[in-house]
Every structure is written in structure tokens, then in C-alpha cells.
Amino acid sequence: PILYKNADPENGLPYSFNDLYGKYSFSGSNGSKANFFGFRFDDNSMFNNLKYNWNNVGFGTNLLIIPDGSSTLINIAAGFSNYGIKLTEANGNPRSSGINSFNALFGFTNYFGKDDLKYGFEVVGFNTLYNYKNSTGRNIDQENSNTEASGYIKFKKIIGSRIVIEPGIRAVYYASLSESSIEPRIGAKYNVNSSFRLKGAAGMYSQNL
């Protein structure tokens, strides 16, 4: 009431929120690293007898492993998140939608002097849910899930002190569509001098909406 003179004297402000985030990191003596994190976000509001609620929860980890005596780096990442929104309409009917997802990535980097080779694979999954009651009072539910798996390989070649070439290819399989996509890609960079460089890239790309 001191800062918000126009707030409702009984119910206060028409919204509230809570954000929590935690992260724990540590490093090994050989340079290996690990991060673990989690979060929870809650938002609520009420305007003109409409009640809204947002909720977002997630957790995950990413690891960088450097085996002793090896020129290979190992990257591992995994995560899960769930986002939901709920609306209570003025007539009391509920309406909600949400999406949750997971991902897991395993990547490797091999070094050959100044050059390196990166390769790995990833799995990603999504689930969406939509629920509401229409004007005739009928409950409508729609739920969809899709999963995709991909693998990639990319080589970086440094020629002299000015030219960098990065050819690669990515293969994706969209399980929900029973479709696959092979996507060649290439990138190049020319260092004109220490403060100016030219870059170019081309490739095939796809995305499941």
C-alpha cells in the first residue's frame, strides 16, 4: 500500500510471481566440468474476472569430459522442461494448454593439431496438450507428441593463417512423420586481417513444427 496507492485494499495487486533457479557447478583437476541446474517459475494474475496461471519447471545437466591422455573431448547434455498455462474464463469454464520436452545430446571432438573433427547424436521429444470447453459445453482435448533423432559430423580445416573451411553433414529422422532428411552443409571463413574477416555458409535445413 505504500508503493501502490491504487491497489485493491483487500486483495492487493492483481498479479503475483515466484521465480526459483538453482545451479551447481564443479571442475576436475584435468579440466573436466559439470553443471546441474533446475528452475521453477510461477505467475498468476486476475483481470476482469479472468484468472491466469503460468507454470514452468525444468532441470538438466551438461558435462565436459576430458579423458586423461586423450585428444578427444566428450560433451553430454540432457534436460527436461514443462510449461503450462491455465485460464479460468468469466463464466467459470477452464482452458489450458501445455508443452513439455526432453533432450539428450552426446558429442565428441577430436583434435588433429590445429584441425578438429566434431560428431555426435541427439534425441529430442515434444508433447503438446490443449484443453477447453466450447460454446456448447463440449470438452475439447487435443494432444500431440513427436520425437526426432539426429546425428552430425563436421570437420574444421585451417589452411595457413587466413582460411578456415568447415564441411559437414547432418541426418535427421522425424519419428512422428516417419520421414528422414540428409542435410549437407559447408562454411568458410577468410581472415583478411586482424580486424576484418569474410564468412559464408550454405546448406540444407529442416524443422518439424
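The structure reproduced in this document is the subject of the present report. (Residues numbered from 1 in each chain as written. Predicted model: local features only at pLDDT ≥ 70, side-chain atom pairs only at ≥ 80, totals over all residues. Heavy atoms only, no water.)

Let's shift gears to the overall build of the protein. What the protein contains, in helices and strands, is zero helices and ten strands. Helices and strands in the protein line up, N terminus first, as β-β-β-β-β-β-β-β-β-β. Against the globule reference of 17 Å for 209 residues, the protein gives a C-alpha radius of gyration of 25 Å, more extended than a compact globule. Expressed along its principal axes, the backbone C-alpha trace of the protein runs to roughly 70 × 50 × 35 Å. Sorting the 209 residues of the protein into buried and exposed places 18% on the buried side. (Helix = DSSP H or I, 4+ residues; strand = E, 2+ residues; numbered from the N terminus. Rg over C-alpha atoms; globule rule 2.2 N^0.38 Å. Buried < 20%, exposed > 50% of the residue type's maximum accessible area, 1.4 Å probe, protein only.)

It is worth spelling out the pattern of salt bridges at this point. Counted under the stated rule, the structure contains six salt bridges. Residue E89 pairs with R95 through a salt bridge whose shortest N-O separation is 3.6 Å. For E89, a relative accessible area of 22% gives the class partly exposed. For E122, the salt bridge is made with R170, and the minimal N-O distance between the two is 3.7 Å. Remark: R170 occurs in strand β8 (residues 163-174) and E122 occurs in strand β6 (residues 115-133); sequence separation between them is 48 residues. For R170, a relative accessible area of 21% corresponds to the partly exposed category. (Salt bridge = Lys/Arg side-chain N within 4 Å of Asp/Glu carboxyl O.)

Turning to the pairing of strand β3 (residues 50-65), a few remarks are in order. The pairing of strand β2 (residues 33-47) with β3 spans 15 bridges and is classified as antiparallel. Bridge pairing links N44 to N53 in β3. Two strands pair when backbone bridges link them, and β3 and strand β4 (residues 72-88) are joined in this way by 15 bridges, in the antiparallel orientation. If you follow F59 over to β4, its bridge partner there is F80. Linking β3 to β4, which pair antiparallel, is a turn of six residues; within it G69 sits at a positive phi near 75°. (Pairing = 2+ DSSP bridges.)

Overall, the coordinates contain eight aromatic pairs when judged by the stated rule. Measuring from centroid to centroid gives 5.4 Å for F108 and Y119, while their planes differ by 20°, and the two rings are stacked. Within this pair, whereas F108 is found in strand β5 (residues 94-112), its partner Y119 is found in strand β6, the two being separated by eleven residues in sequence. Overall, F108 belongs to the partly exposed group, its relative accessible area being 24%. Ring geometry for Y130 versus Y132: centroids 5.2 Å apart, planes at 35°, classification tilted. Each residue in the set Y24, F26 and F36 is aromatic and connected to the rest through ring pairs, giving one cluster. (Phe/Tyr/Trp six-rings, centres within 6.5 Å; stacked < 30°, edge-to-face > 60°.)

For the rest of this paragraph, the subject is unusual backbone geometry. Of note in the backbone geometry, S178 takes a positive phi value of approximately 55° without being a glycine. Tracing the sequence through the fold places S178 in the loop between β8 and β9 (179-193).

Ordered in space as β1-β2-β3-β4-β5-β6-β7-β8-β9-β10, the ten strands form an open sheet in which the pairing is antiparallel. At either end of the open sheet lies a strand with only one pairing partner, and these are β1 (15-27) and β10 (196-203). Across the sheet, the mean angle from the axis of one strand to that of its neighbour is 10°, orientation sign disregarded. When β4 meets β5, the two strands line up antiparallel, connected through 17 bridges. If you follow S81 over to β5, its bridge partner there is S101. (Axes fitted to C-alpha atoms, helices over the stretch in contact; angles between N-to-C directions.)

Empty space within the largest pocket amounts to approximately 330 Å³. Lining the largest pocket are 19 residues; nearest its centre among them are K154, E166, G168, R185 and G187. Where the lining of the largest pocket is concerned, the elements lending two or more residues are β7 (139-159), β8, β9 and β10. Among the elements that line the lining of the largest pocket, the one with the most residues is β8, at six residues. Among the residues making up the lining of the largest pocket, the classes are represented as ten nonpolar, two polar and seven charged. (1 Å grid on protein atoms, 1.4 Å probe; cavity = no way out; pocket = protein on both sides within 12 Å on 5 of 7 lines; lining within 4 Å. Points joined across faces, edges and corners; volume = space filled by probe spheres on them. Nonpolar A, V, L, I, M, F, W, Y, C, P; charged D, E, K, R; others polar.)

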